[in-house]
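A structural walkthrough
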Amino acid sequence: MSQIHQARGVEQLVLGQDTQDGAGVRLTRLLSQGLQHRLDPFLMLDAFASDRPDEYMAGFPNHPHRGFETVTYMIAGRMRHKDSRGHEGLLQNGGVQWMTAGRGLTHSEMPEQEQGVMEGFQLWLNLPGNNKLCEPWYKDFQSDEIPEVTTHEGVRVRVIAGESNGTAGAVQRPDTEPLFLDLHFPNEDGVVFEQALPTGHNAFVYVYRGELFVGQESEATAVKIKHMAVLTNGGDGLVLRAQHNTKAIVVAGKPLNEPIAQHGPFVMNTQQQLIQAVADFRADLMG
Ligand code: FE
């Protein structure tokens, strides 16, 4: 018996754009500027997955950020983070780095492997206007520090942010109430996962292994590997049914409903604030 009375459907399926960022890292951009208002408070989602060192070795050398938070989730591989506030950490196999850029910092994210698979995600979460210039904050969570819960149906849920099945995630944010789950379905078909979601929160699902169906059985929509489903709003939650060994991330949050002004790594509310951000960066005030 489903706990969800009115399940969300699929509004749009997105197959990401292959692109490059940093010093030439190949990645798939799933959420870009065209979806920033629809998926407010999320500004960007990149997926990277490669076993070719020439596609990832160049990394992301020193660059600034202001006005939002970056959440990096490593599925496989090792990346060294260093920032101008003196933080340093190694992101690896199942770990998360949560960085609040706030009023600004510069950092680098560089691979620390010369072979093997590098796979993960980077999600950008907006900050409300009254908090965009907050003190920067940073925390690394190694894989064993990410709360996990296994449902009755056998779905392993890694709770990076928010709450699922009574388990609080590693990070909570009052303004945007982000939910960030990594779901690992068991080795059998037709297993269902349910998650309550507040009506007004924007939400999406990205499938990185296997295939799943979104919605109650009679009206479910298939979402294939490497596709992102933008979910309809309304209803009281999410119902997923998956093929064996499917893996997917689920992201949802409370929209800020503020103007979004972006210039590369700076995301503010107005053009004037962007001009100030560029000036502050050039004056070496981010650090
Ligand atoms: Fe960065």
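Residues numbered from 1 in each chain as written. Predicted model: local features only at pLDDT ≥ 70, side-chain atom pairs only at ≥ 80, totals over all residues. Heavy atoms only, no water.

Turning our eyes to something else, we now look at the coordination of the iron ion. Listed as protein donors to the iron ion are His 63 (NE2), His 65 (NE2), His 107 (NE2) and Glu 109 (OE); their distances from the metal cover 2.1 to 2.8 Å. One way to put it: the four donor atoms around the iron ion meet at angles of 81 to 174°, and that makes the site irregular. (Donors = N, O, S within 2.8 Å, 3.2 Å for Na, K, Ca; no water. Tetrahedral: all angles 85-135°; square planar, octahedral: opposite > 155°, others 65-115°.)

This part takes up the domain arrangement of the protein. When cut into domains, the protein gives domain 1 (16-99 + 110-144) and domain 2 (146-256). The centre of domain 1, based on its C-alpha atoms, is set 21 Å off from the matching centre of domain 2. Contact with domain 1, which involves 32 residues of that partner, is made by 31 residues of domain 2. Between domain 1 and domain 2, the buried area comes to about 2500 Å², and carbon and sulfur atoms account for 69% of it. If you look at where domain 1 meets domain 2, you find two salt bridges. (Domains from an automatic or database assignment. Contact = heavy atoms within 4.5 Å. Buried area = accessible area lost by both parts, 1.4 Å probe. Salt bridge = Lys/Arg side-chain N within 4 Å of Asp/Glu carboxyl O.)

The subject of this paragraph is the packing of aromatic side chains. Counting across every chain of the model gives six aromatic pairs. Summarising the aromatic geometry, the rings of Phe 42 and Phe 204 are spaced 5.9 Å apart at their centres and angled 85° between planes, so their arrangement reads as edge-to-face. Taken together, the residues span a long stretch of sequence, with Phe 42 in strand S4 (residues 42-50) and Phe 204 in strand S19 (residues 202-209) at a distance of 162 residues. Residue Phe 42 is classed as buried on the basis of its relative accessible area, which comes to 1%. Judged by relative accessible area, which is 0%, Phe 204 ranks as buried. (Phe/Tyr/Trp six-rings, centres within 6.5 Å; stacked < 30°, edge-to-face > 60°. Helix = DSSP H or I, 4+ residues; strand = E, 2+ residues; numbered from the N terminus. Buried < 20%, exposed > 50% of the residue type's maximum accessible area, 1.4 Å probe, protein only.)

For the rest of this paragraph, the subject is the side chain of Ser 164. With respect to the helices and strands, Ser 164 occurs in strand S15 (residues 163-164). A relative accessible area of 0% means that Ser 164 is categorised as buried. Polar side-chain contacts of Ser 164 include one of 3.1 Å to the side chain of Asn 165. Other than its neighbours up to four places away in sequence, Ser 164 contacts Val 149, Val 157, Val 159, Leu 181, Phe 193 and Gln 195. (Polar contact = N/O pair within 3.5 Å; in protein donor to acceptor, adjacent residues only side chain to side chain.)

Counting 28 residues, the largest nonpolar core has Leu 45, Phe 180, Phe 204 and Met 228 as its most contacted members. In this structure Leu 45 touches Thr 28, Arg 29, Leu 30, Leu 31, Phe 121, Gln 122, Leu 123, Phe 204, Met 228 and Ile 249, once residues within four positions along its chain are discounted. (Core = buried A, V, L, I, M, F, W, Y, C linked by side-chain atoms within 4.5 Å.)

With zero of five residues buried, strand S2 (residues 17-21) is to be regarded as a mostly surface element. Bridge analysis of S2 against strand S3 (residues 25-31) gives five bridges, and the strand direction is antiparallel. From the neighbouring strand, Thr 19 faces S3, where its bridge partner is Leu 27. A loop of three residues connects S2 with S3, the two strands running antiparallel in sequence, and Gly 22 in this loop sits at a positive phi of about 65°. (Pairing = 2+ DSSP bridges.)

Let us now look at helix H2 (residues 271-282). Taking 1.5 Å per residue, 12 residues should reach 16 Å; H2 reaches 17 Å between its end C-alpha atoms and fits that length. Within the sequence span of H2, burial applies to Leu 274, Ala 277, Val 278 and Asp 280. Along the axis of H2, the buried positions cluster into a sector of 165°, meaning they face one direction only. Structural note: H2 exposes Gln 272, Ile 275 and Arg 282 on the side pointing more than 90 degrees away from its buried face. Looking at the buried residues of H2, the elements they touch are strand S25 (261-263) and strand S26 (266-268). After H2 finishes, the residue Asp 284 shows a positive phi value of roughly 65°. (Expected span 1.5 Å × (residues − 1). Arc of directions from axis to C-beta.)

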